[in-house]
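For reference, the chains in residue letters:
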Amino acid sequence: MGNKQNIKKIAVIGGGIAGLSAAYSLEKEAADNGVSIEIDLIEKQSRMGGNILTEQVDDFIVEGGPDCVFSEKPASLKLCEKLGLQEELLKTREEKKGTYVYWNNKLHDLPEGVILMIPTMIMPILLSSLISFPGKMRMALEPFIPKRTNPAEESLSDFVTRRLGKELLNKIAEPLVAGIHAGNPETMSINASFPRFVDLEQKYGSLIRGMLSRRKEMLSMMKGRTAKYTMFMTLKKGLQELTDNIQSTLRNTNKLTDNQVVTVIKKNSGYEVSLKAGGIKFYDSVIMATPSYITATLLRELDSRLADKLIEIPYASTATVSLAYSASDLNHINNGFGFIVPGISNRKIMAATYTSNKFLYRAPDGSMLLRCFVGGPKNEDLVFLDDREMEQMIRNELKEIAGIESKPIFTKIYRWEKAMPQYVIGHIDRIKKIEELTAKHPGLYLTGSAFNGIGISDCISTSSKAAEEAISFLKKNDRINRVITI
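We now turn to the structure provided with this report.

Let's shift gears to unusual backbone geometry. One non-glycine residue with positive phi stands out, namely aspartate 258, at about 55°. Structurally, the position occupied by aspartate 258 is in the loop between strand 12 (253-256) and strand 13 (261-267). Residue aspartate 258 is classed as exposed on the basis of its relative accessible area, which comes to 54%. With a phi angle near 45°, lysine 418 is a residue other than glycine that sits in the positive phi range. Checked against the element boundaries, lysine 418 lands in strand 21 (residues 410-421).

Laid out in structure tokens, this is it:
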């Protein structure tokens, strides 16, 4: 009986990758620390997994949201290994690798050796048809430009222009970033979005020198053994394998789908959670794993200042459109992982992935699967075109950009309204303030893509940290209560 009273109840609100990771880490931390817990994982949709959504259409594997993880941030790959998914991990098809950039009505090769917008090889840049001669000369000056001494946050646009020139910003950095973050370089904070680049400049005095040094370290690490991972990795049956597997391992977690939370308020030494369907539940600790604007609504009654700060984080809407084709209709697309489209080209799509070139098992023999990206801060209205208009627009874009004239076998459209947080200038100070305000509510924790990284690995790391802190708080509280009781 006494033991039953010691069971701590935790609510994790939001069942995307952040919420699932939080529940997974809570169970592990509780077991390691001898804390008895019961978790309610509360999700308003009818399914867990959030933006990670894989569908099988005929024999095609179609990703609605993200299609891969970035191996340089290893949290997602480590989690896959813990879940026993090592054999399911899938590398990119390196024999087909390559990215194109649409410029001046033509697809150009992204020069080899450009790593996340930083050039690391001279000859491919010199031979590139994408960059003009003055643009090449400007990039060559980068190692001689002194590092910035002003510690204030800088926009991605100002940072890249200052170090590598306007042409590299417009033709490479902006479209690459738009494809990953759906962000606007003029408002995006380089310090919050790509702190690694700021560190490279400060440590080496040059992005090119810094990246070459990092590349050398990586090559010497890989020497003599086959690289375990490629830069981008996925799972054989799609990324939903990850979220499905997390769900299946949860033992002390009640998965409450189709349950919308209305408010979270303080109650005695814990929190009271009200549900839209009626009913109020009491918890010793709460982890919020919802988009920050939703979190703001739920916590408004608890702390209006915290809610005001959370609502300041802007979000952008995006859509992905997958199209299946007969391979014989796409004979000219034998290689490459896809293309990116600079914003100044004034096209309606941001990028396209040649999905079945990038990963195996995505399309049956004799077929190809492509995926286009639409929206972001500058073209959000396009996300909400009806299906017929959307398909027509995508087909027109693919015809004019990549010469694809055939009718697709099928088209799948996924819209993600207000799904991409934007790390605009001021983000670092904003997050610091949010953390200070949250700390005033012991037992309350925030996680998800709005705070310290938008990627899957970032969400896993942030959630793992929130879970550790929650269990530490409950353990300490339990000890204090026992001392008081004695």
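Now for the packing of helix 12 (residues 292-299) against helix 13 (residues 304-311). Two elements in contact, helix 12 and helix 13, have axes whose closest approach is 8 Å; the angle formed by their N-to-C orientations is 165°. Relative to helix 13, helix 12 is oriented roughly antiparallel. Crossing of helix 12 against helix 13: the hand is left-handed. Residues Ser292, Tyr293, Thr295, Ala296 and Leu299 of helix 12 pack against Leu306, Ala307, Leu310 and Ile311 of helix 13. Residues that form the contact of helix 12 with helix 13 fall into these classes: seven nonpolar, two polar and no charged.

To continue, consider the packing of aromatic side chains. Within the structure shown, the criterion is met by five aromatic pairs. Aromatic side chains phenylalanine 194 and phenylalanine 197 sit 5.3 Å apart centroid to centroid with 15° between the ring planes, which places their arrangement in the stacked category. Looking at phenylalanine 194, the relative accessible area reads 13%, which means it is buried. Aromatic pair phenylalanine 339 and tyrosine 354: ring centres 6.2 Å apart, planes at 70°, arrangement edge-to-face. Of this pair, phenylalanine 339 sits in strand 18 (residues 338-340) while tyrosine 354 sits in the loop between strand 19 (351-353) and helix 14 (355-358), and the two are 15 residues apart along the sequence. When the ring centre of phenylalanine 232 is taken as reference, the NZ or CZ atom of lysine 358 above it lies at 5.3 Å. Lying over the aromatic face of tyrosine 293, lysine 418 brings its terminal NZ or CZ to 4.1 Å of the ring centre.

Within the fold, serine 189 resides in the loop between helix 7 (166-181) and helix 8 (190-193). From its side chain, serine 189 meets the backbone nitrogen of asparagine 191 in a polar contact 3.3 Å long. At 3.0 Å, the side chain of serine 189 forms a polar contact with the backbone nitrogen of alanine 192. Residue contacts for serine 189: discarding those within four places in its chain leaves Glu153, Glu154, Phe194, Tyr423, Val424 and Ile425.

Okay, the sheet that holds strand 21 next. The strand order 8-7-18-19-20-17-21 describes an open sheet built from seven strands, whose pairing is mixed. Edge positions in the sheet fall to strand 8 (106-109) and strand 21, since each of these pairs with one other strand and no more. Between one strand axis and the next, the sheet turns by 25° as a mean value, whatever way the strands run. As paired elements, strand 18 and strand 19 share three bridges and run antiparallel to each other. Of the residues in strand 19, the one forming a bridge with glycine 338 is threonine 353. The strands touched by helix 7 within the sheet are strand 7 (99-103), strand 18 and strand 21, with strand 18 carrying the most contacts at an inclination of about 110°. Together, strand 7, strand 8, strand 17 (315-326), strand 18, strand 20 (367-375) and strand 21 form the strand contacts of helix 15 (residues 387-402), whose direction differs from that of strand 17 by roughly 70°.

Moving on: the environment of lysine 440. Residue placement: lysine 440 occurs in the loop between helix 16 (427-438) and strand 22 (444-446). Remark: the alpha-carbon pair of lysine 440 and aspartate 303, spanning 137 residues in sequence, is separated by 9.7 Å.

Let us now look at a nonpolar patch on the surface. A grouping of Ile122, Met123, Leu126, Leu127, Phe133 and Met137 is seen on the molecular surface, where their side chains present a nonpolar patch of about 680 Å² in accessible area. Secondary-structure elements contributing two or more residues to the nonpolar patch are helix 4 (122-127) and helix 5 (133-140). When residues of the nonpolar patch are assigned to their parent elements, the largest contribution, four residues, is made by helix 4. Its place among the elements puts leucine 127 in helix 4.

Rules behind the numbers
Residues numbered from 1 in each chain as written. Predicted model: local features only at pLDDT ≥ 70, side-chain atom pairs only at ≥ 80, totals over all residues. Heavy atoms only, no water. Helix = DSSP H or I, 4+ residues; strand = E, 2+ residues; numbered from the N terminus. Buried < 20%, exposed > 50% of the residue type's maximum accessible area, 1.4 Å probe, protein only. Axes fitted to C-alpha atoms, helices over the stretch in contact; angles between N-to-C directions. Parallel < 35°, antiparallel > 145°, perpendicular 65-115°, else oblique. Left-handed = near helix turned anticlockwise from the far one by under 90°. Contact = heavy atoms within 4.5 Å. Nonpolar A, V, L, I, M, F, W, Y, C, P; charged D, E, K, R; others polar. Phe/Tyr/Trp six-rings, centres within 6.5 Å; stacked < 30°, edge-to-face > 60°. Lys NZ or Arg CZ within 6 Å of the ring centre and 35° of its normal. Polar contact = N/O pair within 3.5 Å; in protein donor to acceptor, adjacent residues only side chain to side chain. Pairing = 2+ DSSP bridges. Patch = residues over 30% accessible without salt bridge, like charges linked within 9 Å, V, L, I, M, F, W, Y side chains within 5 Å. Areas by Shrake-Rupley, 256 points an atom, 1.4 Å probe, with all protein chains shown as cover. Salt bridge = Lys/Arg side-chain N within 4 Å of Asp/Glu carboxyl O.

Take it as geometry only, folks, not as evidence of what the structure does.
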